[in-house]
Amino acid sequence: MAYVNPEWSARAAAEPGGDRVSGQATAVWLENIASIEGLNGAMGLRAHLDAALAQRAGLVQFVLNNLPGRDCEQLVPEAELGPAELARYRAEYVDPIAAILADPKYAGLRIVTMLEVKALPNLLVNTTPQPTATFGCDVVRANGSYVLGIRYLLSKLGPIPNVYTYLDVASHAWSGRDDTMNPLVQLVSGLDVDGFVTNVGNYSPLREPFLTAEARDSRWGEGNPYQAELPFAQALRTRLIEAGFSPRIGMLIDTSRNGWGGPNRPAAPSAAPDLNTRVDESRVDRRAHKNNWCNQAGAGLGERPRANPARGIDAYVWARPPGLSDANGTPSPIRGFNRMCDPTYGGGTANGFNPTGALPGSPDRGEWFSAHFQQLLANAYPPLT
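Residues numbered from 1 in each chain as written. Predicted model: local features only at pLDDT ≥ 70, side-chain atom pairs only at ≥ 80, totals over all residues. Heavy atoms only, no water.

Draft legend 1. Looking closely at the pattern of salt bridges. Summed over the entire model, instances satisfying the criterion amount to 18 salt bridges. Among the ionic pairs, Glu31 bridges to Arg365, the shortest N-O distance being 2.5 Å. Of this pair, Glu31 sits in the loop between strand S1 (28-30) and helix H2 (34-37) while Arg365 sits in the loop between strand S8 (313-317) and helix H12 (370-378); the two residues are 334 residues apart in sequence, bridging distant segments of the chain. Looking at Arg365, the relative accessible area reads 12%, which means it is buried. (Salt bridge = Lys/Arg side-chain N within 4 Å of Asp/Glu carboxyl O. Helix = DSSP H or I, 4+ residues; strand = E, 2+ residues; numbered from the N terminus. Buried < 20%, exposed > 50% of the residue type's maximum accessible area, 1.4 Å probe, protein only.)

Draft legend 2. Main features of helix H11 (residues 275-282). Within the span of H11, buried status applies to Arg278, Val279 and Ser282. Buried residues in H11, looked at end-on, bunch into an arc of 95°, giving them a common side. The distance from a side-chain oxygen at the start of H11 to the backbone nitrogen of Asn276 is 3.2 Å, and the residue carrying that oxygen is Asp274. (Arc of directions from axis to C-beta. Polar contact = N/O pair within 3.5 Å; in protein donor to acceptor, adjacent residues only side chain to side chain.)

Draft legend 3. Main features of the state of the cysteines. Enumeration over the complete set of coordinates arrives at two disulfides. Cys72 shares a disulfide with Cys137; S-S distance 2.0 Å. Between Cys72 and Cys137 the disulfide shows an S-S torsion of about 90°. By sign, it is right-handed. Pair noted here: Cys72 is in the loop between strand S2 (59-64) and helix H4 (86-101) and Cys137 is in helix H6 (residues 135-143), with a separation of 65 residues, a long-range link. Its relative accessible area of 0% is what places Cys137 among the buried residues. In the protein, numbering the disulfide-bonded cysteines from first to last in sequence yields the connectivity 1-2, 3-4. (Disulfide = S-S within 2.5 Å.)

Draft legend 4. Inspection of empty space enclosed by the protein at higher detail. One pass over the full model with this rule turns up four cavities of 30 Å³ or more. When its volume is computed, the largest cavity comes out at roughly 190 Å³. Lining the largest cavity we find 15 residues, and of these Gln74, Val117, Gly201, Trp293 and Arg365 sit closest to its centre. Within the lining of the largest cavity, the residues separate by chemical class into four nonpolar, four polar and seven charged. (1 Å grid on protein atoms, 1.4 Å probe; cavity = no way out; pocket = protein on both sides within 12 Å on 5 of 7 lines; lining within 4 Å. Points joined across faces, edges and corners; volume = space filled by probe spheres on them. Nonpolar A, V, L, I, M, F, W, Y, C, P; charged D, E, K, R; others polar.)

Draft legend 5. Spotlight on the packing of H4 against helix H7 (residues 145-157). For the pair H4 and H7, the least separation of the axes is 10 Å and the interaxial angle reads 20°. When the axis of H4 is compared with that of H7, the two are roughly parallel. Where H4 crosses over H7, the handedness of that crossing is right-handed. Listed contacts from H7 to Leu86, Tyr89, Arg90, Val94, Asp95, Ala98 and Leu101 of H4 are Ser145, Leu148, Gly149, Tyr152, Leu153, Lys156 and Leu157. Here the contact of H4 with H7 is composed, by residue class, of nine nonpolar, two polar and three charged. (Axes fitted to C-alpha atoms, helices over the stretch in contact; angles between N-to-C directions. Parallel < 35°, antiparallel > 145°, perpendicular 65-115°, else oblique. Left-handed = near helix turned anticlockwise from the far one by under 90°. Contact = heavy atoms within 4.5 Å.)

Draft legend 6. Just the side chain of Ser282, in detail. Tracing the chain through its elements places Ser282 in helix H11. A distance of 2.8 Å separates the side chain of Ser282 from the backbone nitrogen of Ser270, its partner in a polar contact. Within polar-contact distance, the side chain of Ser282 engages the backbone oxygen of Arg278 at 2.7 Å. Filtering out sequence-adjacent residues up to four positions away, Ser282 remains in contact with Glu208, Phe210, Leu211, Pro266, Pro269 and Ser270.

Listed below in structure tokens is the structure:
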């Protein structure tokens with residue numbers, strides 16, 4: 001049995017219809033130093049591990065996401081640590097987490113860690129000379145803080161026998177491109193990990209049942225040979241094994257918000273004569289662009305968490321707990337706001353100057369967003385019973 005976070009579960013159960021999913025296992029996010037002990041009265045790392053023991057859970061999941069200069073690709077990065085604060089990342093974030101996870105008290109727990117969301121793909125997708133390059137990503141590539149930070153993190157977690165490490169490789173939209181997948185495989189070569197995780201906090205569907213290879217040449221496909229997460233994850237795993245990784249390497253896919261069900265889900269492929277129209281009418285992913293990532297309107301819960309769901313896939317997981325806001329789309333006295341969460345923003349280079357598709361009224365990152373949760377329930381695929 002996997003650990004059910006009581007804080008998330010209580011929020012979900014308090015929503016109309018939320019009791020249908022409030023017993024699902026979700027990952028706990030540690031996105032800043034204070035979250036290790038517990039921020040603003042919330043449960044900290046040790047409290048969650050103790051609660052997992054009390055539940056007699058066999059598995060507990062964490063997302064560790066606090067590299068120096070984190071989220072370098074975003075219009076408004078929310079990194080706690082500056083790009084040059086690698087020493088602080090090691091001493092104040094990684095070391096305390098590793099010390100708690102290594103406590104013999106928790107040796108009976110299988111602790112799954114998903115590490116540093118989008119970090120390494122950022123070094124390939126959002127740095128010069130790419131058109132989506134940002135100053136922040138150029139800085140962390142130049143100073144090496146992402147690579148050095150991840151290597152240090154793995155050196156501390158790897159020796160703990162009951163801790164399993166899965167490094168984030170973004171989604172098919174970033175890492176499935178021909179000019180990204182091979183360099184990514186080279187970048188992670190030699191890292192000692194148990195596997196890799198895709199789609200963390202994202203909305204990319206597992207499958208596109210009505211798209212064919214022609215979608216690559218459409219406006220939506222943008223030359224990408226992969227249009228969904230499952231074929232991408234399986235292909236990446238094959239490429240990693242060919243590059244020298246163990247055949248036992250595993251993949252996780254975050255399916256918490258990638259269902260895209262409801263009345264707008266296509267039931268058959270389009271027969272429109274125009275390629276772009278045909279692809280747009282056939283795809284289950286209803287976003288205006290694959291790089292739209294914030295509180296997406298029309299999204300639904302995806303496949304429920306389960307182990308060994310497909311060849312080479314260790315599990316479908318709910319890494320991003322449904323109902324937690326991705327970020328604020330309006331000015332906030334606490335954290336400012338992110339334009340990619342503003343439904344009125346016309347977009348930029350990163351999303352092809354398309355509307356953001358964000359649901360209005362979002363609160364700050366990590367806070368409960370009831371309207372989004374209700375939408376995820378309504379548009380779940382497979383549908384909720």
